Amino acid sequence: MFSYDMVHFGHANSLRQAKALGGYLIVGVHTDEEISKHKGPPVFSQQERYKMVRGIKWVDEVVEGAPYVTTLDTLDRYGCDFCVHGDDITMTADGVDTYHLVKSAGRYKEVSRTAGVSTTDVVGRMLLLTREHFRQGEREYEVSRESSSTMGLDSTARSPWTRCSQFLPTTSKIIHFSDGKEPKPGDKIVYVAGAFDVFHVGHLDFLEQARKLGDFLIVGLHTDPVVNRYKGSNYPIMNLHERVLSVLACKYVSEVVIGAPYAVTKDLMEHFKVDVVCHGKTHISPDIDGRDPYLEPKAQGKFVTIDSQNDMTTEKIVNRIIMHRLEYEERNRNKEKKELAAYEAHMKNIQSKVPCSNHCSNSKLNSSIGGSQPTNVSN
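Before going into details, it helps to say that this report is about the structure given with it. (Residues numbered from 1 in each chain as written. Predicted model: local features only at pLDDT ≥ 70, side-chain atom pairs only at ≥ 80, totals over all residues. Heavy atoms only, no water.)

Let us now look at the overall build of the chain. Within the chain one finds 15 helices and 12 strands. Expressed as a percentage of the 379 residues in the chain, the buried residues total 49%. Sequence separation of 24 or more characterises 78% of the internal contacts of the chain that already satisfy a separation of 6 or more. (Helix = DSSP H or I, 4+ residues; strand = E, 2+ residues; numbered from the N terminus. Buried < 20%, exposed > 50% of the residue type's maximum accessible area, 1.4 Å probe, protein only. Contact = heavy atoms within 4.5 Å.)

Here you go:
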């Protein structure tokens, strides 16, 4: 069971790992009321969060309004053999481990938390957008010189889960997220391009409509400097590698072009054998030479404007954060405080059981993953 607020590639990776432990993945998502009570105000509404989780390709079923504390009755009701969560700790407003019941019953498994990202971190990056400039030492932050994920690192964070470690992209991460499938002969190939920054329900609805126009959907992702050129400020919030994983996790997406050219050229269309090029109803910024980046597909009669019936944008999400800045800053502080207390208690428990000479200098929190079973999974 989870909040799944600000759904990102870290959430998707935990679901990918959970699915690998069994044959059918059921995901419980909490209501706005439960999240507000135990964590603070969510950024997205429960309906938006339900939709986002359903859009992740490893999810088989979503349980709406799942209880904040996972009970054995909940697992039994949905035919789940065990519950899965990441190797961080989630607690109620009273500081109680939300998985203590299933842990005691031996029906709990852990998967590794994805280093380099957290909801707290993403919210922090958005809060930094209220500043005209962000300084690292004596120089101003520039997208072209630093990964945008740098904006989320906070040296004052002490909790091992709130503090965001550096995200290190590797080919194995991409392979885990990719289906690795090629288009079949005769498939109608659809191409879309954009930033897809902080993947949200607006993106999801757009990609669902784009996929309906063909059999194989390719998403071109622009580089950080290109996104910064047409969006300005400190965009993108998520760097290119993070955005690649977020888009690959979407069940409607077949393939991603990493660092796609801003203009959709004839060469690109021929290379990928593109039949349809789509764009939403949002504004199209001209290319650096002032030309329409979709001039070629329009000339070929292959350009389609999609109305997804969803006007959500990354900018609107940032505005939600900024309008409630104090609430979200307080939420982040409270979350870190609870996590730090739980972590320190855990470390004291470990040190009381293990000779200090062997482990005290390098103790750290580790979790093991149980053996794979062909069973239903609840997360």
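Right, let's get into the nonpolar core. Residues Met 6, Met 126, Val 192, Phe 196, Leu 207 and Val 219 are the most contacted members of the largest nonpolar core, which totals 62 residues. Each of domain 1 (1-130 + 321-350) and domain 2 (171-312) accounts for three or more of the residues forming this core. (Core = buried A, V, L, I, M, F, W, Y, C linked by side-chain atoms within 4.5 Å. Domains from an automatic or database assignment.)

Another aspect to go through is the packing of helix 6 (residues 119-127) against helix 13 (residues 314-323). Contact geometry for helix 6 and helix 13: axes closest at 9 Å, N-to-C directions at 90 degrees. In terms of orientation, helix 6 lies roughly perpendicular with respect to helix 13. Each of Val 123, Met 126 and Leu 127 in helix 6 lies in contact with helix 13, whose residues at this interface are Ile 317, Val 318 and Ile 321. Of the residues that constitute the contact of helix 6 with helix 13, the class distribution is six nonpolar, no polar and no charged. (Axes fitted to C-alpha atoms, helices over the stretch in contact; angles between N-to-C directions. Parallel < 35°, antiparallel > 145°, perpendicular 65-115°, else oblique. Nonpolar A, V, L, I, M, F, W, Y, C, P; charged D, E, K, R; others polar.)

Our focus in this paragraph is the packing of aromatic side chains. What characterises a pair of aromatic rings is the spacing of the ring centres plus the angle enclosed by the ring planes. Under the criterion given, the structure shown has five aromatic pairs. One cation-aromatic arrangement involves Lys 109 over Phe 82; the distance from NZ or CZ to the ring centre is 4.9 Å. The residue whose ring lies beneath Arg 229 is Tyr 262, and the NZ or CZ to ring-centre distance is 5.1 Å. (Phe/Tyr/Trp six-rings, centres within 6.5 Å; stacked < 30°, edge-to-face > 60°. Lys NZ or Arg CZ within 6 Å of the ring centre and 35° of its normal.)

Take empty space enclosed by the protein next. For the structure shown, the criterion picks out three cavities of 30 Å³ or more. Considered as a void within the structure, the largest cavity measures approximately 100 Å³ in volume. Those elements giving two or more residues to the lining of the largest cavity turn out to be helix 1 (9-20) and helix 10 (240-248). Of the residues in the lining of the largest cavity, the class split is 10 nonpolar, three polar and no charged. Here the lining of the largest cavity spans two domains, and each of domain 1 (1-130 + 321-350) and domain 2 (171-312) adds at least three residues to it. In this model, the second largest cavity occupies a volume close to 60 Å³. In terms of lining, the second largest cavity is formed by Met 6, Val 7, His 8, Val 122, Val 198, Phe 199, Met 238 and Ser 246. Across the lining of the second largest cavity, the residue classes break down as six nonpolar, two polar and no charged. (1 Å grid on protein atoms, 1.4 Å probe; cavity = no way out; pocket = protein on both sides within 12 Å on 5 of 7 lines; lining within 4 Å. Points joined across faces, edges and corners; volume = space filled by probe spheres on them.)

Attention now moves to the packing of helix 3 (residues 46-54) against helix 8 (residues 201-211). Between helix 3 and helix 8, whose axes approach to 10 Å, the crossing angle comes to 50 degrees. Overall, the two elements helix 3 and helix 8 adopt an arrangement that is oblique. Between helix 3 and helix 8 the crossing geometry is left-handed. Across the interface between the two elements, Glu 48, Lys 51 and Met 52 from helix 3 touch Val 201, Leu 204 and Asp 205 from helix 8. A per-class count over the contact of helix 3 with helix 8 returns three nonpolar, no polar and three charged. (Left-handed = near helix turned anticlockwise from the far one by under 90°.)

The next point concerns the pattern of salt bridges. Per the counting criterion, the structure on display carries 17 salt bridges. Between Arg 77 and Asp 73 there is a salt bridge; the shortest N-O distance is 2.5 Å. On the criterion of helical spacing, the pair formed by Arg 77 and Asp 73 is a turn pair, its members being four residues apart in helix 4 (residues 72-77). As a salt-bridge pair, Arg 125 and Glu 242 come within 3.0 Å of each other at their nearest N and O atoms. Taken together, the residues span a long stretch of sequence, with Arg 125 in helix 6 and Glu 242 in helix 10 at a distance of 117 residues. Note on Arg 125: relative accessible area 0%, which makes it buried. Classification of Glu 242 as buried rests on a relative accessible area of 0%. (Salt bridge = Lys/Arg side-chain N within 4 Å of Asp/Glu carboxyl O.)

Once that is clear, we can look at the sheet that holds strand 10 (residues 276-279). The strands that make up a sheet are held in pairs by hydrogen bonds between backbone atoms, and each pair lies either parallel or antiparallel. Overall, parallel pairing links the five strands, which are arranged 9-8-7-10-11 in an open sheet. Because the sheet does not close on itself, it has two edges, and the strands there are strand 9 (255-258) and strand 11 (303-305). Sheet twist, expressed as the mean angle between neighbouring strand axes with direction ignored, is 25 degrees. Taken together, the four bridges between strand 8 (residues 216-221) and strand 9 define a ladder with parallel strand orientation. Bridge pairing in strand 9 places Val 219 opposite Val 256. Each of strand 7 (189-194), strand 8 and strand 10 is contacted by helix 8, which is oriented at about 135 degrees to strand 8, the strand it contacts most. (Pairing = 2+ DSSP bridges.)

What is shown is where atoms sit, not what they do.
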